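Results of the structural survey
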Amino acid sequence: MSGPLIVLVGPMGVGKSTVGELLAGRLGTTYRDTDADVVATAGKAIPEIFFDDGEERFRALEQQAVRDALGEHTGVLALGGGAVLDAGTRALLAGHRVVYLSMDVDEAVRRVGLNTARPLLAVNPRRQWRELMEARRPLYEEVATVTVATDARTPEEVAQAITETLELPERNGPPVPSGQEKTRMTEQGTTRIQIAGTAGTDPYEVLVGRRLLGELPSLIGDRAKRVAVLHPEALAETGEAVREDLAAQGYEAIAIQLPNAEEAKTVEVAAYCWKALGQTGFTRTDVIVGVGGGATTDVAGFVAASWLRGVRWIAVPTTVLAMVDAAVGGKTGINTAEGKNLVGAFHPPAGVLCDLAALDSLPVHDYVSGMAEIIKAGFIADPAILDLVEADPQGARTPAGPHTAELIERSIRVKAEVVSSDLKESGLREILNYGHTLAHAIEKNERYKWRHGAAVSVGMVFAAELGRLAGRLDDATADRHRAVLESVGLPLTYRGDQWPKLLENMKVDKKSRGDLLRFIVLDGIGKPTVLEGPDPAVLLAAYGEVSA
C-alpha cells in the first residue's frame, strides 16, 4: 500500500514529534505532523480551536488532515493523540505500518509537566491521564503494527528501537538537519542560559525547553522543608498539580491562589501571602515558587524578597511575557494608585523554568502581547530576532511557529547579558525600558486593563518617532517598528486626547530624575541611548504620530 513509511500514534507528551523527526533523519525521508496541518488550515493554535470552535470542529479538521496525509505523505507521519478516536481514521490506518509509542502514568506526568492547561488535560494530570488512557489504549493497540515503550528512554533510543523492530534500512551517515530542523530540535531539548551573580547575589540558570517540572526539586534543594506555590486563579489546577508533586517529594507544600493578572499586584495581596507564610511557619531556608504570568512572577518575587528580609524563590513562567521579561533579572514589585511597580525590590530567583509546553494553551492575544518584549529585544540588541519575525509573521504569532524556541531564547539572552552586568538599573539596564515610559503611563491610564505588551508596542512606536524627531534615528528604522509590530497584530496607536494625563503619569516613572523626563531611544538598531529632557514640543509631535 502506498502512503507513509511509518505512522506514529500515542498520547500527548509521548514525544511523537521528536521521535518522528529523528526517524525521518535516520531513514533519509521527510516528517509530517497532522496537528501542524490542522493549525495551518485553521490559522490558529489547537487550544484556540477548542476554545473558539469546540472539540467537534477540531476533530473534523483532524480527520480531514489524517485522510490527506495518509494519501499524500510518503515519509514519517505523526498523528494527534486523539486521532484514533475516529472509527474512520482507524479504518484508514489498516494496512499501514503503525507504531504505538506508549508510556506509563508517572512518565506521562513528568513529560507533560506544567502543561495541565492542554485542552483535554485541564485538571489533576494523573487522574485525567488514567481516564484518557482507559479510553484510548485499546484503540492505539487496535491500529498498531508494533508497540514501542518510551519509558526511561531518550528519543534517540526510541528511534533506534523502532528502526530495529521494523528492520528499516538507515541511510548512510548521520542526518544533517536543515536550519528549520535545528530550530525544532532545539525546542525539544533544554537550553540552559546562565545569569551571572552581581551585587552580592548568586548566579542562577534559566532553563528553556519542555518537560521541566522534574527540575524543580533540585532547584528547591534539601535544606527547604516548606514550599509555597503562588499561582493565579486561572491556573488553579496547575498550581495544585505542582503542589501535589512537591508534596509527593516530601516537602510541606502549600498553594496560595492570587487574583488574575495585574489585580494580584497590590499590597493587600502581598499581605495575604505574608499571612499564609506566617501561619505555615515559613523560615529563611524555605522556598517560594511562582507559577504564572508576569504579574504572578512579580508578586512571588516581591513576597520572597520581603519575607524575613529575603527567602529563595523559583520562577515558573507560563506566558511569553513572563519568560522573556518578568522572570529574568530579579526585578520584583507591586503597583500603587500612583503608578506601576513603584514598590518593589531587586531579588533574583534561584532558578527559572521556562516550560514551552505551557504556551500551547495560551490565548492568542496573550501570546501576541508577549511578542512585544521579544521584538523590543530585537531592536535594542539582537536584529536576528527582527529577521525571524519578518520571515514568518504568522508563525511568530503562535507557539506552533517554527522559530518559537529561538525567539524566546534570544530574548532571554539579551536580558541575561544586560542584567548580569547591571542588576539594579544603575546604567546599562535602562535600555530594557525601551518603549516602557509611555507604556506604563498608558497602563496606569487604563487602570491596568490593557495588556502590557500592547502598551509597550505603542510605546516603542512613540520612542521611534521621538528618536526620529530628535535627529537620532533614521526613517527606515523608525518605519520598521510599525511594520514589524503590526505584522504580528500589535497595536500602533492610542487615544490622542489623553496626552495631558499621560505626560503627568510619565513624570512619576521610575526612570525620571527629579522633574527631568528620560526616554530610551535608538541611534540605530542595537544602539540604544538615553534622551533626557526632550523639548515638550518634540514630545507632543512624537505623540501625534501614535494618536488615534
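One can find the structure itself at the top, above this paragraph.
Read on for a plain summary of the structure. All values reported here derive from a predicted model rather than from experimental measurement.

1. Quick look at the sheet that holds strand β11 (residues 312-317)
Overall, mixed pairing links the 7 strands, which are arranged β6-β7-β14-β11-β10-β8-β9 in an open sheet. Each edge of the open sheet is held by one strand with a lone partner, namely β6 (191-195) and β9 (252-258). For this sheet, the mean angle separating the axes of adjacent strands, direction not counted, is 15 degrees. The pairing of β11 with strand β14 (residues 351-355) spans 2 bridges and is parallel. By the bridge assignment for β14, I314 is matched with G351. Along the sheet face, helix α11 (residues 236-248) touches β8 (226-232), β9 and β10 (287-292) and points at about 170 degrees away from the line of β8. In this fold helix α13 (residues 294-306) packs onto β8, β9, β10 and β11, with an angle of close to 170 degrees to the strand it touches most, β10.

2. Examining the environment of E465
Tracing the chain through its elements places E465 in helix α20 (residues 452-469). Taking the C-alpha atoms as reference points, E465 and T477, separated by 12 residues in sequence, lie 10.0 Å from one another. Filtering out sequence-adjacent residues up to four positions away, E465 remains in contact with R482, A542 and E545. Here the side chain of E465 touches R468 through a polar contact of 3.0 Å, side chain to side chain.

3. Let's talk about the nonpolar core
Counting 97 residues, the largest nonpolar core has V206, I288, I375, I408, I412, Y434 and F462 as its most contacted members. In terms of residues, this core owes the most to one element, helix α15 (residues 364-380), which gives 10 residues. With residues up to four places along the chain from it excluded, the contact list for Y434 reads K376, F379, I380, V456, M460, A463, A464, H481, I520, V521 and L522. Core analysis: the next-biggest nonpolar cluster, separate from the first, contains 20 residues, L27, V99, V148 and L168 among them.

4. A short note on the sheet that holds strand β5 (residues 146-149)
As summarised here, the arrangement of the 5 strands in space is β2-β3-β1-β4-β5, forming an open sheet in which the pairing is parallel. Two strands close off the open sheet at either side, each with one partner strand: β2 (31-33) and β5. Strand after strand, the sheet turns through a mean of 25 degrees between neighbouring axes, direction not considered. Two strands pair when backbone bridges link them, and strand β1 (residues 6-9) and strand β3 (residues 76-78) are joined in this way by 3 bridges, in the parallel orientation. Each residue of the ladder has a partner; that of V7, found in β3, is L77. Sitting on the sheet, helix α2 (residues 34-42) touches β2 and β3, and the angle it makes with β2 is about 60 degrees. Helix α4 (residues 55-72) contacts β1, β2 and β3 of the sheet and is inclined by roughly 165 degrees relative to β2.

5. Examining the pattern of salt bridges
Tallying each qualifying case throughout the model produces 35 salt bridges. Of the charged contacts in the structure, one is a salt bridge between K44 and D52, with a shortest N-O distance of 3.3 Å. With relative accessibility at 46%, the residue D52 sits in the partly exposed group. Here K449 makes a salt bridge to E263, at a shortest N to O gap of 3.7 Å. Note that K449 is positioned in the loop between α19 (436-445) and α20 and E263 in the loop between β9 and α12 (267-280), a separation of 186 residues in sequence. For K449, a relative accessible area of 63% gives the class exposed. Among the ionic contacts, a cluster of salt bridges with common partners joins E262, K265, D298, K340 and E443.

6. Observations regarding unusual backbone geometry
Positive phi values are uncommon outside glycine, yet L308 reaches one of about 55 degrees. If you trace the backbone, L308 turns up in the loop between α13 and β11. The class of L308 is partly exposed, set by a relative accessible area of 35%.

7. Some details on the pairing of β11
For a regular strand, side-chain orientation follows a simple rule: the groups alternate between the two sheet faces. Buried residues dominate β11, accounting for 5 of its 6 residues. Of the strand pairs in this sheet, β10 and β11 are connected by 6 bridges, and their pairing is parallel. Its bridge partner being in β11, I288 is matched across the sheet by W313.

8. Brief notes about helix α21 (residues 475-487)
Along its 13 residues, α21 runs 18 Å from first to last C-alpha, staying within 8% of the 18 Å computed at 1.5 Å per residue. Of the residues making up α21, those classed as buried are T477, A478, R480, H481, R482, V484 and L485. Where α21 begins, the capping side chain belongs to D474, and its oxygen is found 3.2 Å from the backbone nitrogen of A476. Immediately downstream of α21, the backbone of G489 shows phi near 95 degrees, a positive value.

9. Description of α2
Among the residues making up α2, those that are buried are T34, D37, V38 and V39. On its buried side, α2 packs onto β2, α3 (46-53), α4 and β3. Of the residues that open α2, the one with a side-chain oxygen 2.8 Å from the backbone nitrogen of D35 is D33. G43 lies just past α2 and shows a positive phi near 75 degrees.

10. Some details on the environment of D360
Note on placement: D360 falls in the loop between β14 and α15. Between the alpha carbons of D360 and T398 there is a distance of 8.3 Å; along the sequence they are 38 residues apart. At a separation of 3.1 Å, a polar atom in the side chain of D360 contacts the side chain of R210.

11. Description of the side chain of R90
With respect to the helices, strands and loops of the structure, R90 is situated in helix α5 (residues 87-93). Its relative accessible area of 19% is what places R90 among the buried residues. Separated by 3.1 Å, the side chain of R90 and the backbone oxygen of L85 make a polar contact.

12. Let's talk about the pairing of β10
Most of β10 sits inside the fold, with 6 of its 6 residues counted as buried. Bridge count for β8 against β10 is 4 bridges, and the pairing is parallel. Across the sheet, A228 pairs through a bridge with I288, a residue of β10. Read from β10 through α13 to β11, the crossover connection turns out right-handed.

Calculation rules
- Residues numbered from 1 in each chain as written.
- Predicted model: local features only at pLDDT ≥ 70, side-chain atom pairs only at ≥ 80, totals over all residues.
- Heavy atoms only, no water.
- Pairing = 2+ DSSP bridges.
- Helix = DSSP H or I, 4+ residues; strand = E, 2+ residues; numbered from the N terminus.
- Axes fitted to C-alpha atoms, helices over the stretch in contact; angles between N-to-C directions.
- Contact = heavy atoms within 4.5 Å.
- Polar contact = N/O pair within 3.5 Å; in protein donor to acceptor, adjacent residues only side chain to side chain.
- Core = buried A, V, L, I, M, F, W, Y, C linked by side-chain atoms within 4.5 Å.
- Buried < 20%, exposed > 50% of the residue type's maximum accessible area, 1.4 Å probe, protein only.
- Salt bridge = Lys/Arg side-chain N within 4 Å of Asp/Glu carboxyl O.
- Expected span 1.5 Å × (residues − 1).
- Right-handed = clockwise from strand over helix to strand, strands pointing away.

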